Amino acid sequence: MELAAFTSQAQTHEPFGSNRPTTFADFSSAHHDLLSDVISRTSNDSVKLTLANLLKLIQASAGEGNDPPVNFFIGSVSFQGEAREEAAALRARVEVSLLREKWTAVPLFPDSIALVASHVSFKSTTHGIETSKENPFSMLLQDTPRQNAGAKEPVEVPRPTPPPSSYCIGVVQKSYVLVALQPGTYVVDMELLVPYATSRKTGFVLAVPKAVQGEVSFRVNEKDVLIKVDPSLFSKTSSGGGGEGEPKSFSAVTSRCPPTHSLSVQWTENMGTSEIKVPQKVEVSSTVEQKNLISVGEGMVIIRSLLSYTITSGQMSLFEIEIDNRLKVIQVEGLKHIPVKRWEVDQSDERGRRGTKKLGKQEAKPGADDAAASASGKARGNEDYGTSILKVWLDYGLEDSYDFTVTSEMSMGGTSCTVEIAPLSCLVNREVVRDKGYLAVEARTNVEVEEGGIVSGLAMVDISEIPDALFSMATNPLLLGYKFLLPQYRLSLDVKKHADVGVLIAVVDNARFTATYTEAGAMLYRLQLQVRNTQKQYVRISVPDKAFDIWSTMVADRAVKPAMDSEGRVMIPLQKASKADASKNDTSFIVEFIYYVKHQELRRRGTLELPLPFCDIPVNYLSVQLFLPEVSVLVPACGIDEHSSTAVGGCVACQPTLCVATPGGLKTQQ
């Protein structure tokens, strides 16, 4: 191809939709080097190019490979809002720059907030935000009093509107998104309602799009309120109003924010500058529902109490529970998002001493002490124990509801005895007007639990009527269930600990014994055991032949190192089933033991004894295989036949005897 001709064509050709002529200046440096190298090796005015090089030059002239690294970016995001009774009201403005013509979904805000209204406008591709020099904060609420009345307004940019079908606001994957096609800058105005983070209604946290510039303007309709915006690089606060002829009292803040994915706005009363306010006293009233799980073990009772407070009026940050002194509080655990600040058991509180009157007394034989009463099977009276006050604090007061769990333990005084359960009472002060709940009993270990002779203030219910929360707390089946309307009940339980019985900790489901006899008189034995094991450490195998060589020992396809005990038995270590394996149907594994024994050479006639090894684990099924050289007659002599085997005492103890006759060509496998 002539170079001049190519140049002329390149200047008039419009490759791949280009709107201007193409010259060599459009090519990348790599293609300039390619073209320069071809020209330098040409002596006339023509040049030859391969088809591949020609296509590279055309692609370079089309500008392929110069796409932007991202399809969009957020130029700025600004918020103007105020605190309202039900939620925080925000006006958000987001400037989104779309860099190329492609359908794109730009995530804006999570769908956990309410969208009241939205508007999308389109402007030129000029990026940046123009603000006045006198007031750097140009985006404020329209009804917010301005600090600089003479500040200039932002310069408006003409906004040609693209076709209505090229953009919209929607919800995609739990987010409000802007779906747009045409390149340019889109200005999205949204009115949002953001829920408060806590019941105190003093702040919110919002996931926001990460933008180049960020600005927040927020106001609270109260005077002398500290407002904190996080993150914030610079904040300007103001407060005023409330006087005659002035607008409503307010506190406002305007902040510049760095690029971030999360915005937090919190506010609180400024006690240093505001006048001392005497809060109106509101009488606190609440109700409690108890869910008590009584886990009886060997010598110890563990009580887990789920206390659910419902606050009907006022605020509560301190919860007081009356507990029996026999109970030792182990743990107090609150909610994950509102944890317990601290707790303590106050034994000096005089209110706790009235507990002996509530619990009542039990008749006992004159002169019988606690030990004698326990030994005779009678529940010990609790009139000598008294009660204490468990105090639980939170960081701040709550107005709706709160749940926390109290875990305590109580000694039984023995493994087989009658124990009286110590109750918990939330009726310590006037803040709690009703305290009712449920009791459920479970056996934590292998003990027998029955209802004792003392039951008062309780109504027995069916297990199906027990709340689901007690089933989730229990680890074993529930045995007894009760409900009560006042925490002044009495319940005694008869606990019996029976003698433990040994159980089978390992078993061999299938045992396969294979023996291979050679003409040289060597015998190779292979013993395979399919074992299920829970606690046994070793399987001990007794080999009848004292002179033997161990070739290999495998457990679950892994080589292990055997040992020898004082009686000459081979010890092979076993693997134990884990807790995760308990749910599986098949937890067995294979133990393989191969050993070699030297015998006499095979004669023309004779008797071959095949002694089997002895293992200390019971065997359910045994199979025997014998491989011999070519023989003519094979006659079972005694001890075992070809269809049966015998397990003596649950162990392999078969002693088969086989008669062998040689010259012939019969190949036998038995």
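Residues numbered from 1 in each chain as written. Predicted model: local features only at pLDDT ≥ 70, side-chain atom pairs only at ≥ 80, totals over all residues. Heavy atoms only, no water.

Asker: Would you mind going over the pairing of strand 9 (residues 213–220) with me for this structure?
Answerer: Within a regular strand, side chains alternate between the sheet's two faces. Of all eight residues making up strand 9, seven are buried, and the element is well covered by its neighbours. Pairing between strand 9 and strand 12 (residues 250–257): seven bridges, direction antiparallel. Counterpart to Val220 in the pairing with strand 12 is Ser251. (Buried < 20%, exposed > 50% of the residue type's maximum accessible area, 1.4 Å probe, protein only. Helix = DSSP H or I, 4+ residues; strand = E, 2+ residues; numbered from the N terminus. Pairing = 2+ DSSP bridges.)

Asker: I tried to follow the sheet that holds strand 21 (residues 417–420) on my own but got confused; where do I start?
Answerer: Backbone hydrogen bonds are what pair the strands of a sheet, in a parallel or an antiparallel way. Within the open sheet, the three strands sit side by side as 21-27-24. Their pairing is antiparallel. Looking at the sheet topology across the chains shown, the edges are occupied by strand 21 and strand 24 (447–456). Between one strand and the next, the sheet's axes are offset by a mean angle of 25°, whatever the strand orientation. (Axes fitted to C-alpha atoms, helices over the stretch in contact; angles between N-to-C directions.)

Asker: Please explain the pattern of salt bridges as it appears in this structure.
Answerer: Side chains that carry opposite charge are capable of pairing whenever their charged atoms lie near each other. For the coordinates displayed, the defined rule picks out 16 salt bridges. Where Glu298 meets Lys497, a salt bridge forms, and the shortest distance between an N and an O atom there is 3.8 Å. Of this pair, Glu298 sits in the loop between strand 14 (285–296) and strand 15 (300–313) while Lys497 is found in strand 27 (residues 490–497), placing the two residues 199 residues apart along the sequence. Overall, the relative accessible area of 42% leaves Glu298 in the partly exposed class. The shortest N-O distance in the salt bridge between Asp346 and Lys391 comes to 3.3 Å. Taken together, the residues Asp346 in strand 18 (residues 342–346) and Lys391 in strand 19 (residues 387–398) connect sequence positions 45 residues apart. (Salt bridge = Lys/Arg side-chain N within 4 Å of Asp/Glu carboxyl O.)

Asker: Can you help me understand the packing of aromatic side chains in this one?
Answerer: Two numbers describe a pair of aromatic rings. These are the distance of the centres and the angle of the planes. Tallied over the entire structure, the rule returns 17 aromatic pairs. Seen in terms of ring centroids, Tyr309 and Phe404 are 5.8 Å apart; in terms of plane orientation they differ by 15°. Their pairing is stacked. Placement of Tyr309 in strand 15 and of Phe404 in strand 20 (residues 401–411) is noted, with a sequence separation of 95 residues between them. Relative accessible area serves as the criterion here: at 1%, Tyr309 is assigned to the buried category. A ring pair is formed by Phe319 and Phe404, whose centres lie 5.5 Å apart and whose planes are at 50°; its orientation type is tilted. Here the residue Phe319 occupies a position in strand 16 (residues 316–324), and Phe404 occupies one in strand 20, the gap between them amounting to 85 residues. Phe404 carries the same exposure label as Phe319, and that label is buried. Linked through ring pairs, Phe513, Tyr525, Phe548, Phe593 and Tyr595 together constitute an aromatic cluster. Against the face of Trp393 rests Arg342, its NZ or CZ located 3.9 Å from the ring centre. (Phe/Tyr/Trp six-rings, centres within 6.5 Å; stacked < 30°, edge-to-face > 60°. Lys NZ or Arg CZ within 6 Å of the ring centre and 35° of its normal.)

Asker: Would you mind showing me how to read the side chain of Glu592 here?
Answerer: Looking at the element boundaries, Glu592 is found in strand 35 (residues 589–598). Setting aside chain neighbours within four positions, we find Glu592 in contact with Arg526, Leu527, Gln528, Ser552, Thr553 and Met554. (Contact = heavy atoms within 4.5 Å.)

Asker: Looking at this structure, I do not really get unusual backbone geometry. What am I missing?
Answerer: The phi angle of most residues is negative, glycine excepted, and most peptide bonds adopt the trans form. Here the amide bond leading from Asp230 into Pro231 is cis, since omega sits at 0°, within 30 degrees of zero. As for its position among the elements, Pro231 is in the loop between strand 10 (225–230) and strand 11 (234–240). At Lys201, a position not held by glycine, the phi torsion is positive, near 60°. Along the chain, the position of Lys201 falls in the loop between strand 7 (184–194) and strand 8 (203–207).

Asker: What's the story with the environment of Thr268 in this structure? I'm lost.
Answerer: With respect to the helices and strands, Thr268 occurs in strand 13 (residues 262–269). On the basis of relative accessible area, Thr268 is assigned to the partly exposed category, the value being 47%. Taking the C-alpha atoms as reference, Thr268 lies 8.9 Å from Gly203; in sequence the two are 65 residues apart. Setting aside residues up to four positions removed in sequence, Thr268 forms contacts with Val225 and Leu226.

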